[in-house]
There are 2 protein chains.
Amino acid sequence: MTIDALSGVKAVPLAKAYRLLNHGPTVLVSSAWQGKRNVMAASWNMALDFDPPKVSVVIDKNTWTRELIESSGEFVLNIPARSLAQETVDVGNCCGRDRDKFAEFGLSTFTGSNVAAPLLHRCVGWLECRVLPEPRIASLYDLFIAEVVAAWADPVDFSDGHWHFTAGRERSIHYIAGGVFFETGEEFAVKHSY
Amino acid sequence: MTIDALSGVKAVPLAKAYRLLNHGPTVLVSSAWQGKRNVMAASWNMALDFDPPKVSVVIDKNTWTRELIESSGEFVLNIPARSLAQETVDVGNCCGRDRDKFAEFGLSTFTGSNVAAPLLHRCVGWLECRVLPEPRIASLYDLFIAEVVAAWADPVDFSDGHWHFTAGRERSIHYIAGGVFFETGEEFAVKHSY
């Protein structure tokens, strides 16, 4: 199924896409190239620009994901909901070179609008990304910069540039180490002058 | 007062310093050069390496902080506690070129061990950082890479590489926009194979 036909999920305006990552959630990085695909977890991600939106993410040079991203020039940042926390750790603990992690861990996917990398169900937001090649920092620091070419969320969870983690809806997660996460917590506001 | 003499605060082993940022908190970036100093908020920060630890942070080229960091080659990432949320927004809403934000917003500071940039009270962690010059990505993307040369936390809040946001202790915060934050939420664990 393609994302346009997915019930409940709508495009996030690109100028607001950075806000999907602004609170620092752990993401799942999915990638695909010539019929092969993979998914890995990445706590080391951040927004990098507003409009056109850019992101940055660390992709270790020993990973199969790195090969797929360097070949395809594309990836998707999937923002997992809490119920996907076990799988988020599991896909970080093994290599996808000789196996299909999606099948192994029961991760169902759908198709995005701009890139071939698959989008995962049980996530609260998705950013389709196209790499802006910066070979020096990729080689030295494993750091990738990409432009966000499409972004998606269910408006029940995210609309008008804000998250709405209401009762009964799943929240995003923030990894520490050793299988331990923080759930995204209580929302609160302070005075803002503009 | 220097950090070594600060009651309760202890050095975080450098190999565990990345875990201060792994859950994606918003930080305050402090800087100093030749008697001038400034502080700004930055949601766009992430860990970049384990040991020696590196970090990455976005510093807009129009900011006074940018000038101070480019002159000094140093900065501190301060991880504000929730009670500092108002000031975190306030220092992001004004420029420090013609004023001292520390005095204006009542931000008391102490001295780190390796860099001249001040460390702020009412934070739960601190990373003293030395810039690894990468002029191309600084110019193109406002992206700075730095090595963490010292890291600090109160062991009541962070020890053995893990946060302990126990009852009565303040948590870190995650900015969205318009004065709205998420507090770092509930800790939970899933199975981890090693």
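Note that the structure is a prediction, hence the values are computed from the model and not measured.

### Side note on the environment of A:Val156
All names here are of chain A. With respect to the helices and strands, the residue Val-156 is situated in the loop between strand S10 (143–153) and strand S11 (158–159). Sequence spacing of Val-156 and Met-46 is 110 residues, and the spatial spacing of their C-alpha atoms is 23 Å. Ignoring sequence-local partners within four residues, the contact set of Val-156 consists of His-164 and Arg-169.

### A few points about the relation of the copies chain B and chain A
When chain B is brought onto chain A, the operation consists of a screw motion whose angular component is 180 degrees and whose axial shift is 0.0 Å, with 0.0 Å RMSD remaining. Taken together, the rotation angle and the small translation identify this as a two-fold axis.

### Notes on the sheet that holds strand S14 (residues 180–189) of chain B
Here 4 strands make up an open sheet; going across it, the order is S13(A)-S14(A)-S14(B)-S13(B) and the pairing antiparallel. Either end of the sheet is taken by a strand with one partner, and the two such strands are strand S13 (173–177) of chain A together with strand S13 (173–177) of chain B. The average angle at which neighbouring strand axes cross in this sheet is 35 degrees, direction not considered. With 4 bridges joining them, S13(B) and S14(B) adopt antiparallel strand pairing. Opposite B:Ala177, over in S14(B), you have B:Val180 as the bridge partner.

### Structural notes on the side chain of A:Asn38
Residue and element names in this part refer to chain A. For Asn-38, the location among the structural elements is in strand S3 (residues 36–42). Within polar-contact distance, the side chain of Asn-38 engages the side chain of Thr-65 at 3.2 Å. With sequence-adjacent residues up to four places away left out, Asn-38 is seen in contact with Val-29, Ser-30, Ser-31, Trp-64, Thr-65, Leu-68, Gly-96, Lys-101 and Phe-102.

Quick notes on the rules
- Residues numbered from 1 in each chain as written.
- Chains lettered and ligands numbered in written order.
- Predicted model: local features only at pLDDT ≥ 70, side-chain atom pairs only at ≥ 80, totals over all residues.
- Heavy atoms only, no water.
- Helix = DSSP H or I, 4+ residues; strand = E, 2+ residues; numbered from the N terminus.
- Contact = heavy atoms within 4.5 Å.
- Least-squares fit on C-alpha atoms with pLDDT ≥ 70 in both.
- Pairing = 2+ DSSP bridges.
- Axes fitted to C-alpha atoms, helices over the stretch in contact; angles between N-to-C directions.
- Polar contact = N/O pair within 3.5 Å; in protein donor to acceptor, adjacent residues only side chain to side chain.

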